[in-house]
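# Observations on the model geometry
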Amino acid sequence: MNRLRLEVADVIRRHGSDYLQAYASVMTPAQQRVLKDLAECRTAALGGHRQECDRCGHQKISYNSCRNRHCPKCQGQARAEWLQARAVELLPVEYFHVVFTLPHHLQQVALQNKKVVYEILFRASSETLRRIAADPKHLGAEIGFLSVLHTWGQNLHHHPHIHCVVPGGGISLDGTRWVSCPSGFFLPVRVLSSFFRRRFLELLKRAFQERALSFQGSLAHLSHPNGFRTLLAEAASKHWVVYAKPPFGGPEQALKYLARYTHRVAISNQRLLALKDAKVTFAWKDYSNGHRLRAMTLDAVAFLRRFLHHILPKGFKRIRHYGFLANRCRRVKLSLCRRLLHNDGCDDSALPNPNEIVSSAEQPQDRCPLCHDGRMTVVEVIGPRGFDSS
C-alpha cells in the first residue's frame, strides 16, 4: 500500500494554530486566506460531489478545490487553460530566456513593500528589454515578451526575480519587416544590467519621495532621507545580475518551459519529505554547489513563515505581457508579425497544435478507476461540511 504523499496542507492543519499564535498580529488578509484555503482544499469543508460508474456501479466522493493560486494542488487546470491560450500566440522563431534578479540588499525592502517594489521590478525589467531592443545599435525593433514573477529560492528564502520569455526578434521600427536576432544571441547582458539597475533605482527613489514605501523593525532607519540615500548609493555601486540563459530553441521548447514555470508556487508537495516532531524536511537544489540535491529541516512554524513570505498581495498579477504581446494590441501585432515572417520565408508548420497542449494528466478524468470501461457521472452534490446542497 502506497504511503499518502505529504502536503503543505498537512503542515497547515497540524501547525497552523501554532503559527497564528506567533504571528497573527502581523499577517496580511491574503496570508490568512491562504492558510484557510489550503487547509480546506479538497476536504468536506468545501463540499463536493458523489460519482457513480454507469457500468459497474463503483462510487467515489470528490471534494472541491480551493482554487487559490498559491495552492500546490490547484494549478493543473489553470495552467492547462493558460497554455492553450499561449500556444496560438507562438511564432516560428528561436525563443530566449532572460532573468532579472533583485540584489540581496534590496530584498528585505521588497518584503516589507511587496506591491510597490514588485510593480517597480516588472516596470524596470520590461522597460529595459524594450528600450535596449529598440536601440538601433542592438536590435532596432519592437519586441514582445512574457514576464513571470517568482519570489522564492529553492530554500524558500525571499528571492524576487523576473523570468522573461522572448521571441528572437521583433518588428522593425518602421513596421515594414521582421528583424531577427543573431542565432543564439539576444541582447548584451552588461547593457541590460546597467540600464535595469539605473531604472529600478530611479523608480524606487520616486516611490520614496511619494511616500509609497514603509519601513519597520531593522529597516526603520530607511524612512529617513539620509538612510535611504545611503541604501541607493550602495545599490548603485553593486553589479546587478541579469542572466540570459541559453536559448530554448523553437516555440515548442519555450512552451514546455512555460508549462513548468508559469503556475508554480513557492514549494510543491513533491518536495516535502517528512513532518515529524513539529519539523518539516524538504528537498532543495543547492545551485551554488553543482545543483546538488539536499534536504533541509525547519521548525514547522518557520517553514510556514517562509512559505507565507511568497503570498502575493490581493489582485496582483504575476504573469504579464509586453510589447507586441501586450493585451491591448496582441491580436493586431501578432498578425503583423506572422505576415512579416511569412515574407521572410519562415515556416510555421512546426508550431505546436493548441489542442494537443493539455496533457492527459491535466484533462478531466471521468473513466471508472475500477472497471476502466464505464464513465463516472455525478449522482449527488454535497454541500460544504458534508451537508447535501438540496
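Located above this text is the structure these notes cover.
Now for a look at the structure at hand. These figures come from a predicted structure and were not determined experimentally.

All chains considered together, the criterion is met by 15 aromatic pairs. Between the aromatic rings of Phe-122 and Phe-316, the centroid separation amounts to 6.2 Å while the plane-to-plane angle is 40°, which identifies the pairing as tilted. Of this pair, Phe-122 sits in helix H5 (residues 114-134) while Phe-316 sits in the loop between helix H9 (300-308) and strand S13 (319-323), placing them 194 residues apart in sequence. Three or more aromatic residues joined by ring pairs make a cluster, and in this case those are Phe-100, Phe-196, Phe-200 and Trp-240. Between Arg-264 and the ring centre of Tyr-261, over which it is positioned, the NZ or CZ distance is 4.2 Å.

The next thing to look at is the pairing of strand S6 (residues 158-167). By the criterion of burial, S6 is predominantly enclosed, with nine of the ten residues buried. Across seven bridges, strand S3 (residues 95-101) lies against S6 in antiparallel orientation. The residue of S6 that forms the bridge with Tyr-95 is Pro-167. By the bridge criterion, six bridges tie strand S5 (residues 144-152) to S6 in an arrangement that is antiparallel. Following the sheet pairing, Val-148 is matched in S6 by His-163. The antiparallel hairpin formed by S5 and S6 contains five residues in its connecting segment, where Leu-156 sits at a positive phi of about 75°.

Below, the discussion takes up the sheet that holds strand S2 (residues 59-63). Reading across the sheet, the three strands line up as S2-S1-S14 and stay open at both edges, with antiparallel pairing between neighbours. Edge positions in the open sheet fall to S2 and strand S14 (376-382), since each of these has one partner strand only. Across the sheet, the mean angle from the axis of one strand to that of its neighbour is 30°, orientation sign disregarded. In this sheet, S14 lies alongside strand S1 (residues 48-53) in antiparallel orientation, the contact comprising six bridges. What sits directly across from Gln-51, in S14, is Val-378.

Parameters at a glance
The residue count restarts for each chain, going from 1 along the sequence in the order it is written. A pLDDT threshold of at least 70 governs which residues receive local features in this predicted model, and a stricter bar of 80 or more applies before side-chain atom pairs are shown or counted, although totals over entire chains, interfaces and linings include all residues. For the side-chain quantities, the full set of heavy atoms in the structure was used; hydrogens and water were omitted. Paired rings are identified among Phe, Tyr and Trp, the last through its six-membered ring, by centres lying within 6.5 Å, and are further divided according to the angle between planes into stacked (under 30 degrees), edge-to-face (over 60) and tilted (the rest). Helix and strand assignments follow DSSP, with helices taken as H or I runs no shorter than four residues and strands as E runs no shorter than two, numbered in order from the N terminus. Either the NZ atom of lysine or the CZ atom of arginine qualifies as a charge over a ring when it sits within 6 Å of the ring centre and within 35 degrees of the ring normal. Relative accessibility thresholds used throughout: buried, under 20% of the residue-type maximum; exposed, over 50%; partly exposed, between the two (1.4 Å probe, protein chains only). Two strands pair under a simple rule: DSSP has to find at least two bridges between them. Interaxial angles span 0 to 180 degrees and are taken between N-to-C directions of axes, which are lines fitted to C-alpha atoms, for helices over the stretch in contact.

By themselves, these are just geometric observations and shouldn't be taken as functional.
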